[in-house]
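Here is what each chain is made of, one letter per residue.
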Amino acid sequence: MKANEITIYINNKQYKVQKGQTVMQAADSLGYHIPRLCYHPKLSIEGACRVCIVEVEGAKSFVASCAAPVVDGMRIHTNTKAIRQARRDIVELILDNHPQDCHTCERDGNCELQRLSASMGISKRFFEGERKHYEEDHSSKSVVRNPNKCILCGRCVRMCSQIQKVTNLGLAGRGFETVVMPAFEQGMEDSVCVNCGQCINICPTAAFLEQGHSEAVFDILSDDSVVKVVNVAPSVRAAIGESFGLEAGTNCEGQIFASLRKLGFDYVFDTNFTADLTIMEEAAELVERITTGGVLPMITSCSPGWVKCLEQFHPDMVAHLSTCKSPMSMAGAIIKTYFAGKIGVDPKHIVNVGVMPCTAKKYEAARPEMNTDGNISTDYSLTTRELAWMIKSAGIDFVNIKPEEPDNPIGLSTGAGVIFGATGGVMEAAIRTAYYMITGKEMGEVKVEAVRGFEGIKEATLDINDMEIRVAVAHGLGNAAKLMSIVKKHPERYHFIEIMACPGGCIGGGGQPYPMTNSIPLDEKSLAKRASALYNSDDANELRRSHENPFIKTLYDEFLGEPLSEKSHRLLHTHYQRREPNGIIPKEIEPLSA
Amino acid sequence: MSCNDCNKVGDPRYDELKLYIDSLRDKPHFESYLIAVLHRAQELFGYLSEETMNYVSCDMNIPTAQIWGVATFYHFFNLTKQGKHTVSVCMGTACYVKGAADVLETLKKELGVEIGETSDDGIFTLGEARCVGACGLAPVMMIDDEIYGDLTADKVISIIKKYREEAKGAA
Ligand code: SF4
Ligand code: SF4
Ligand code: SF4
Ligand code: FES
Ligand code: FES
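Let me begin by describing the structure that accompanies this report. Quick caveat: nothing in here was measured; it's all calculated off a predicted structure.

**Overview of the layout of surface pockets**
Taken as a whole, the largest pocket spans an internal volume of roughly 900 Å³. Surrounding the largest pocket, 33 residues form its lining, A:Glu106, A:Arg107, A:Leu209, A:Trp389 and A:Tyr514 being those nearest its centre. For the lining of the largest pocket, the secondary-structure elements that each account for two or more residues are strand S9 (208-210), helix H6 (214-221) and helix H13 (384-393) of chain A. Across the lining of the largest pocket, the residue classes break down as 11 nonpolar, nine polar and 13 charged. Taken together, domain 2 (143-210) and domain 3 (214-572) of chain A each give at least three residues to the lining of the largest pocket, which thus spans both. Estimated volume of the second largest pocket: approximately 740 Å³. What lines the second largest pocket is a set of 24 residues, among which B:Thr72, B:Tyr74, B:His75, B:Phe77 and B:Leu79 lie closest to the centre. Contributing elements (two or more residues each) for the lining of the second largest pocket: strand S8 (179-182) of chain A together with helix H4 (64-73) and strand S2 (124-129) of chain B. Taken together, the residues of the lining of the second largest pocket break down into 11 nonpolar, 10 polar and three charged.

In structure tokens, the structure reads:
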């Protein structure tokens, strides 16, 4: 017997397992899925819900398997009559206080609580417990909080504090009156919430949802007095298929463009194009900062959750943010100026909708700093989930629809644009173009492997014309916080930093489809599949570098002049501000041993 | 770190609070003294205001949402300013039957507050109580430790007047 191996019995079958695991982990590895609610492998163990109880011979009471370690000789039963009954009682107790209005609930059909209760065999309800009657919090541009649907598993609280290090949410009060809320019971809008939407992704129920724009967009689509324009972010195509039962990582861009036309949009554009445009401006800005002694490291600004995070937690670093608008806001700026001119329509009569993997984009869209010559750049921002719902609601056969291409000029894009959706993608795309801007030559190897993958913080050193350029990439705001402590200790360490608020980058965005039955939130396997859809699309594209995009060249020739021109500055760049919402202080994070 | 609350210069109570926090700073698991610190803050200020909680958050480097969680979990923390006197109306069954709701209404009007609030003059905080064990006198209210029974609207108003005059006289 190996040193770390012990013997356990599950349902009378003998197994050899590694020491130091929990009963749940051991059972998982052996193919027994014990029901669970408050447990998540990436979060600390709370042991609060007791849905995961098992029977252990010799133990006085049932054991919470997510918290109990395996012990040599342990005899575990996961499915006896007694344990099934006890588990069912626990879930029924939750249901007693839950508004049973599934048929009008956004999570209907994709709700963990529904699935759990169905798997317990709960069919009839005999008892109506006391219901919760809290006000819903609609104050935020991005995230709606509905404590009435909350079953107090605490996953959102741990997500927001442990993965995102924002710690906006806490469990306030006690007992039946416990409510998940920001400090001082203030609205999400006034809180330190950065709108990332990760609490929505991790919540088993509809207690957190995005601020919905889909009904408003349906209204616009039936309004003949305006021109309806839409642009679709890179990572949406890698994930939306999951809402229609397709395998994660199925690239659905053709189906999306076709569906958007069927929904009634007049012009269907691709945010990938403005991702290329962002790279032109951002790479030029980087080169300028490096060659003229500007503020370094420069930090990307396309993730609006990250931007707000920096503005409030690191206000002394606002000058480090790239002044570039995000691809969504650049799309709005170009649509409401250049494109409006092309079709001869007053920008006031154009409604521009962004389809985004992100809830924070709703907040970004509403930021006055993003406006274009006094017009709002993005009128509505839909999440991937909302678009999927609209497509279903309009009766469009997404899975079998014939794929279509986006419209030009804001349609054609390079492989550099599409990889924006994965962590490291903006960095890689920027490197490809910055290299060209500095040397006048193309990089030998187009791929920058060092910045790919799901390592929390990735670093690379590049040699460009005998200049050493040091870069770093972080995804998820907990990793971003770590990286910022490194930067504060070693201000010279990096030239350029990419940060995405969501784990995995936009592919893991707070507006992406809920996990299917065989997956869980933050699951790296699903994220990797979504990422590979984007990298495959890059590989398949003849154009790999943003500066090779012929329509980008035309846009500069006909309209903008050159990167960082006065016009570019007016339309494509912006400024950021210090923010001090009530109740701040994320925990200072110990710098990596660096 | 962005925080303006750490320098509450001018208010000696904050100096006092800081001294207390500093005395704990080197202890193992410094954060676990949060409850003690909040107690000290409440002693100093009478209640825990947002400002005070922000201050503690900043000085102890504990996120405000967590402090709020602790402050709302324990009944002994007051989150609103407390008046000089606490008026609690008994809402137990006997009192309820005998018209506790009317007593409460009278008090709300007379003091211009809702339950949990403190009157503008800072003298009274209005609250509710469960049976205080004086059912024979129902309806009953307590002002601090004093029990008043057989209440009518007029009686309530005259008792409040008495306290008000006393408080003003003392000031
Ligand atoms: S959260 Fe789930 S269980 Fe609750 S009403 Fe919505 S669908 Fe039903
Ligand atoms: S949106 Fe993000 S920052 Fe805001 S409460 Fe949810 S997890 Fe926290
Ligand atoms: S809001 Fe959702 S994730 Fe948070 S505690 Fe409630 S049910 Fe759990
Ligand atoms: S999953 Fe184990 S106690 Fe909740
Ligand atoms: S019910 Fe009021 S004193 Fe008993």
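**Here we look at the sheet that holds S2(B)**
Residues and elements named next belong to chain B. On the basis of which strands lie adjacent, the open sheet formed by four strands has the order S2-S1-S3-S4 and mixed pairing. Edge strands, defined here as strands with exactly one partner in the open sheet, are S2 and strand S4 (146-148). Here the strands of the sheet are splayed against their neighbours by 25° on average, with no regard to which way each runs. Sheet contacts for helix H6 (residues 100-111): strand S1 (85-90), S2 and strand S3 (141-143); angle to S1, the most-contacted strand, approximately 150°. The sheet contacts of helix H7 (residues 153-170) involve S1, S2, S3 and S4, and relative to S3 the element is tilted by about 5°.

**Observations concerning the nonpolar core**
Residues and elements named next belong to chain A. In terms of nonpolar packing, the biggest core is built from 52 residues, with Leu 169, Phe 208, Ile 299, Trp 306, Leu 483 and Ile 499 touching the most fellow members. Counting residues per element, the ones that place at least two in this core are helix H4 (155-163), helix H5 (198-202), S9, helix H10 (304-313), strand S16 (467-475), helix H16 (477-489) and strand S17 (496-500). Counting residues per element, this core draws most heavily on H16, which supplies six residues. Counting contributing residues, this core receives three or more from each of domain 2 (143-210) and domain 3 (214-572). Every residue in contact with Phe 208, bar those within four places of it in the chain, is listed here: Val 143, Val 144, Arg 145, Cys 156, Leu 169, Val 180, Met 188, Cys 199, Ile 200, Cys 203 and Tyr 514. Among the nonpolar cores identified, the runner-up in size contains 35 residues, and Val 232, Val 236, Val 353 and Ile 396 belong to it.

Reading guide: rules and limits
Residues numbered from 1 in each chain as written. Chains lettered and ligands numbered in written order. Predicted model: local features only at pLDDT ≥ 70, side-chain atom pairs only at ≥ 80, totals over all residues. Heavy atoms only, no water. 1 Å grid on protein atoms, 1.4 Å probe; cavity = no way out; pocket = protein on both sides within 12 Å on 5 of 7 lines; lining within 4 Å. Points joined across faces, edges and corners; volume = space filled by probe spheres on them. Helix = DSSP H or I, 4+ residues; strand = E, 2+ residues; numbered from the N terminus. Nonpolar A, V, L, I, M, F, W, Y, C, P; charged D, E, K, R; others polar. Domains from an automatic or database assignment. Pairing = 2+ DSSP bridges. Axes fitted to C-alpha atoms, helices over the stretch in contact; angles between N-to-C directions. Contact = heavy atoms within 4.5 Å. Core = buried A, V, L, I, M, F, W, Y, C linked by side-chain atoms within 4.5 Å. Buried < 20%, exposed > 50% of the residue type's maximum accessible area, 1.4 Å probe, protein only.

Note that all results are geometric; they support no functional claim without further evidence.
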